[in-house]
Amino acid sequence: MTSARLVYTLGPSGAGKDSLLNWLMDRLPPDAAVHFARRVIDRGPSPDGEQHESVTPQAFAQLRTELPFAMHWKAKGHQYGVRHGEFSTKDGAHWVLVNGSREHLAQALAQFPGLTVLHISASPEVLRARLNARQRESAAAVEARVQRGLDWQAPEHCKVLRITNDSSLDAAGQQMLRLLSSLPDWCAN
């Protein structure tokens, strides 16, 4: 499908995935050989969140029928997709970062066997506090999300870079940058 190398980002709600990916995007040099895949999501835009392509649930279903997605999944009551074009190696990008889903990892590994997982998490106390601060879910739903995060195990033979985002965004971002820099040819043009 592509010669680009894939970094598949995942982790529990409240771990700060969007914030850390934005942090990285702001700090990489403009000529870095990295492309951040833009997702299509069947929900409205969020001023503080990911700048995704927003479509209605009906439009998402139509897009799936037309097969424009290299990968797609359902999570948190929404549908997510990444178009094939997001994996092209245009503009010298050798690396593609996808904000993915734990539930879709097996399919992503089947499509991109050499992918690297970037697992972003936080301690249960921090996850719980962040999710409760959002005031979007009941205490029981928050607890279920925290437990799912604790229960996740990486598949065997899968390269996983782990980040704990418990303190400042900059500290977690620096940790992420160190781990990504350890990958062969990271950001090489």
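The structure we're discussing is the one just above.
On a predicted model such as this, the values are computed, not experimentally measured, just so you know. (Residues numbered from 1 in each chain as written. Predicted model: local features only at pLDDT ≥ 70, side-chain atom pairs only at ≥ 80, totals over all residues. Heavy atoms only, no water.)

1. A closer look at the nonpolar core
Counting residues in hydrophobic clusters, the biggest one holds 28 residues, and the most contacted among them are Val7, Leu24, Val34, Leu97, Met176, Leu180 and Trp186. Sorting elements by how many residues they give to this core places helix α1 (residues 17-27) first, with 4 residues. With residues near it in sequence (within four places) discarded, Leu97 still touches Val7, Leu21, Leu24, Val34, His35, Phe36, Ala37 and Trp186. Ranked by size, the runner-up nonpolar core spans 23 residues in total, among them Tyr80, Val96, Leu105 and Cys158. (Core = buried A, V, L, I, M, F, W, Y, C linked by side-chain atoms within 4.5 Å. Buried < 20%, exposed > 50% of the residue type's maximum accessible area, 1.4 Å probe, protein only. Helix = DSSP H or I, 4+ residues; strand = E, 2+ residues; numbered from the N terminus. Contact = heavy atoms within 4.5 Å.)

2. Describing the sheet that holds strand β7 (residues 95-99)
Strand order in the open sheet formed by 5 strands is β2-β7-β1-β8-β9, with parallel pairing between adjacent strands. Whereas interior strands pair on both sides, the edge strands pair on one side only; in this sheet they are β2 (34-36) and β9 (159-164). On average, each strand axis in the sheet is tilted by 20° relative to the strand beside it, whichever way the strands run. Contacts from α1 reach β1 (5-10), β2, β7, β8 (116-121) and β9 within the one sheet, and its direction differs from that of β7 by about 155°. Packed onto the sheet, helix α6 (residues 169-181) meets β1, β8 and β9 and runs at close to 160° relative to β9. (Pairing = 2+ DSSP bridges. Axes fitted to C-alpha atoms, helices over the stretch in contact; angles between N-to-C directions.)

3. A look at the environment of Ala129
Locating Ala129 in the fold gives a position in helix α4 (residues 124-134). By relative accessible area, which is 46% here, Ala129 ends up partly exposed. Sequence separation of Ala129 and Leu67 is 62 residues, and the distance between their C-alpha atoms is 39 Å.

Shape is all these values report; function is a separate question.
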